Amino acid sequence: MDFGLSELQLSMQENVNRFLDEEASLDRVREFAASDHSLAEDIWTGLVNLGVVGVLVPEQYGGLGLSAMDAAVIGECLGNHVTPVPYLSTCVVAPRAIALAGSDAQKDEYLPKIADGSKTIGLALSEACAARGKNGASVRDGKLTGTVSFVSDPHADYWLLADRDRNLHVIAQGAQHLEVKVMPQVDRTRPLCELTLSDTPCDSLTNDGANVLERVLDVAWTTLAFDTLGAAQSMLDQAVEYAMNREQFNRVIASFQAVKHMCAEMAAEIEPSRSLLWYAGYALDEASDDAHLHACHAKAHMAEVGTFVARTATVVHGGMGFTDLLGLHYWFKRIGFNRQYLGGPEWLREQAAIAQNLAA
Amino acid sequence: MDLSYGPQYDTYRQELRDFIERHRDQAPRNAPLKSDPAKSWQKLLIEHGYTARTIPKEYGGHGGEPDLLKAQIIGEEFARAQVPGGLGGQGISMLVPTLLELGSEEQKRQFIPPTLAGEMVWCQGYSEPNAGSDLASLRTSAALDGDEWVINGSKIWTSTAHLADWIFCLVRTEPDAPKHQGISFLLFRMDTPGIEIRPLVDMTLAPNFNEVFFTDVRVPKEQIVGKRGEGWFVANAILGHERDSLGDPNATLSRMTRLIELMKEETIGNERIIDNPVYRDRLMKIQARVMSLRFNDLRVLSSRLNNTDARLPRMISKLQGTELRHELEGLAIDAMGETGLMYGASEFLRDGGSWQNQYMYFLGLIIGGGTSQIQKNIISERGLGMPREPKFDQSTTKTN
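Residues numbered from 1 in each chain as written. Chains lettered and ligands numbered in written order. Predicted model: local features only at pLDDT ≥ 70, side-chain atom pairs only at ≥ 80, totals over all residues. Heavy atoms only, no water.

## Considering the overall build of chain A
Of the regular secondary structure elements, chain A holds twelve helices and ten strands. A compact globule built from 360 residues would reach a C-alpha radius of gyration of about 21 Å, and chain A, at 20 Å, matches this within 12%. With the principal axes as the frame, chain A shows a C-alpha extent of 75 × 45 × 40 Å. A buried classification covers 59% of the 360 residues belonging to chain A. (Helix = DSSP H or I, 4+ residues; strand = E, 2+ residues; numbered from the N terminus. Rg over C-alpha atoms; globule rule 2.2 N^0.38 Å. Buried < 20%, exposed > 50% of the residue type's maximum accessible area, 1.4 Å probe, protein only.)

So, in structure tokens, the structure goes:
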């Protein structure tokens, strides 16, 4: 019986955190936010060298072949540092989907390029979960037509797209009859775009797309929850540190009960959520029957806790928390992004009810 | 990560399940303290090591080796079967662990066996009208007169005082010492002359609490646990035990299971409550929190087994466990609507009226055993390293 992170996971987190502390500071994040959002090559190369980028790629394709839980705890570090890289898409969801649904030729084509960091793959999955509007893409004669929104990574080399029948396809940047329109949004660490396709060539993953989609969404939700966990922990840490230094009425404000109780409430919400997320990651790796249920609950619950922490930690910082000067808003927005992206908490709780036959 | 307990524990769990099924009919339901069904159930559980498991045989326990996983399995299985485990009460859950740790050999032999057997019932004399969250400011005094302590003062929130044979009581024996160092931990009989008990009815209308008044109560001087002035240390050794037992996630999980059933049974208009998306969303929100606290508990267990740090997960469990339980019971009442108001000797009750009762009872637990606000002080100071509130004295209130 051991319910906790493994030695390997702890040392991976230590290494990734050390690298991000040094090379992906808030100043670097600001630089990315102000740029055209093309890949942050310096951070990406560092993550390639740490093996992070190929974490889920099987060893035979040059990756580390680690587990979903391993990938998720790395995601926690990236959320903690609001790191602007296409991790969820390129390093987690795409390799999982291609490894599960791709033919041997497709695996040979994409997986080595993911593992060595030479290609990135964005996600066009939003129409497949909690879809907004009437968008979506359909296949006709092996080509895709339609419009898909909230697609990650406008500068990606490829996108993984789920069509209206929940089958998966890979589309290349620069493909014929493909229009990419940036969708400016609040979290500038994870850019979004809209793709318009009209008989656009694609590489359809050949093995059972729909079933694979369900499984990769569970991994995506869990990884997003870990990203929020990391971001929320950072916000609490920053709030406590700020309160320990800021003086008013001749005392540090950390000595006021009103401030202490806000911080205690944040910790009291974060810690049990961490345990829920650990179980969700464990259930994914064990492929246990309740993996889907816990993935839904993990993302929904972490979204609620994240929202509470994001507003409370900001308030502890007083007026400074509201400014761009401190940059706390990068975490606030990261948490806000994770809440809506690939399904908000209300929708996910309904999925949790469906998983238990409590809703149709 | 490895959540299996191992094959020997799976066997242990199966044996326990079989035991519970075999003896389910003997389990007491609301049996009064010291009644035969309560005592014989307790005896049966001790014999099989399902309660008082690690307490040495010579003190009336089962004499088993400490085993955190067995203890966990016992908690899980009795909660799951909704069958009462061993006797609780403050004597068994608080005094016995204290005596085992800090009592004299004679005290252990005298008090532990009858307490475990359910023959000796205790109450706890800690809180006073002017010493609640600031317990260490308690004023009930004990002065030595020859071979006896002479006790004067009063206690409040004293559960089961009207049924108790004995009390374990914090009293001030060193009036000139700093407040934490002037307290002693005394044990005495509740039929000692000079003790007056007045019932204090709580909002559930059950006579759970009492006020207890002491007027020149004379107690043999050797009935003290630890030394004079060490009472605060002795009491804190067991406040930890109490806090761990409030808001038990296994019990909450059982209530959650029942709540789901209830929401399938109750209707609003012609619709089952579970089919109404608003109620269903509330249920799912609570379910995620029930799961979170259950895994939090598992994390604390794992940290004990593997010697890793889990201070914060431990510190938050009383705060979150009691708050969540209160909310869960409240959702059941909302699911029933006006039926949820039924109470007392009503033929319209669902589940024996337990939802209203527990809804109110857990509000009491949010306050008792260290209020939620005190818990937040502990979490912020000991968990997050934030400073204590400065002492309120003249120098800080003067204006320049």
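Next comes the rest of the account.
## Observations concerning the interface of chain B and chain A
With 46 residues of chain B at the interface, the matching set in chain A holds 46 residues. Our enumeration of links across chain B and chain A arrives at six salt bridges. The interface formed by chain B and chain A holds 20 residue pairs in polar contact (both at pLDDT 80 or more) in total. Secondary-structure elements contributing two or more residues to the side of chain B that touches chain A are helix H7 (249-265), helix H8 (277-306), helix H9 (311-315), helix H10 (317-336) and helix H12 (372-383) of chain B. When residues of the side of chain B that touches chain A are assigned to their parent elements, the largest contribution, 19 residues, is made by H8(B). (Contact = heavy atoms within 4.5 Å. Salt bridge = Lys/Arg side-chain N within 4 Å of Asp/Glu carboxyl O. Polar contact = N/O pair within 3.5 Å; in protein donor to acceptor, adjacent residues only side chain to side chain.)

## Describing the sheet that holds strand E1 (residues 121-124) of chain A
Residues and elements named next belong to chain A. Reading across the sheet, the four strands line up as E1-E4-E5-E8 and stay open at both edges, with mixed pairing between neighbours. Of all strands in the sheet, those bounded by a partner on one side alone are E1 and strand E8 (203-204). Where E1 and strand E4 (residues 158-162) come together, four bridges link them in parallel fashion. Paired with Gly122 across the bridge in E4 is Trp159. Set on the sheet, helix H5 (residues 87-101) makes contact with E1, E4 and strand E5 (168-172); between it and E1 the angle comes to about 75°. (Pairing = 2+ DSSP bridges. Axes fitted to C-alpha atoms, helices over the stretch in contact; angles between N-to-C directions.)

## Let's talk about the nonpolar core
Counting residues in each nonpolar core, the largest one holds 166 residues, and the members touching the most others are Tyr87(A) and Leu283(B). Here the element with the most residues in this core is helix H7 (residues 209-245) of chain A; it accounts for 18 residues. In this structure, Ile112(B), Leu116(B), Met120(B) and Tyr126(B) belong to the second largest nonpolar core, which totals 27 residues. (Core = buried A, V, L, I, M, F, W, Y, C linked by side-chain atoms within 4.5 Å.)

## Here we look at the sheet that holds strand E2 (residues 136-140) of chain A
Residues and elements named next belong to chain A. What the four strands build is an open sheet, ordered E2-E3-E7-E6; its pairing is antiparallel. Lying at the two open borders of the sheet, with one neighbouring strand each, are E2 and strand E6 (178-183). Averaged over all adjacent pairs, the angle separating strand axes in this sheet is 15°, with direction ignored. Here strand E3 (residues 143-152) runs beside strand E7 (residues 192-201); their pairing, made up of seven bridges, is antiparallel.

## A few points about the pattern of salt bridges
Taken as a whole, this structure holds 46 salt bridges over all chains when the rule is applied. Notably, a salt bridge pairs Asp42(A) with Arg28(A), separated by 2.7 Å at the nearest N-O pair. Placement of the pair is Asp42(A) in helix H3 (residues 41-49) and Arg28(A) in helix H2 (residues 26-34), with a sequence separation of 14 residues. You can call Asp42(A) partly exposed: its relative accessible area is 42%. On the basis of relative accessible area, Arg28(A) is assigned to the buried category, the value being 15%. As a salt-bridge pair, Glu346(A) and Arg349(A) come within 4.0 Å of each other at their nearest N and O atoms. Here Glu346(A) and its partner Arg349(A) are both found in helix H12 (residues 345-355), three residues apart, which amounts to about one turn of the helix. Residue classification places Glu346(A) among the partly exposed positions, given a relative accessible area of 47%. A residue is classified by how much of its surface remains accessible, and Arg349(A), at 3% relative accessible area, is buried. The network of salt bridges with shared partners includes Glu304(A), Arg339(A), Glu346(A), Arg349(A) and Asp281(B).

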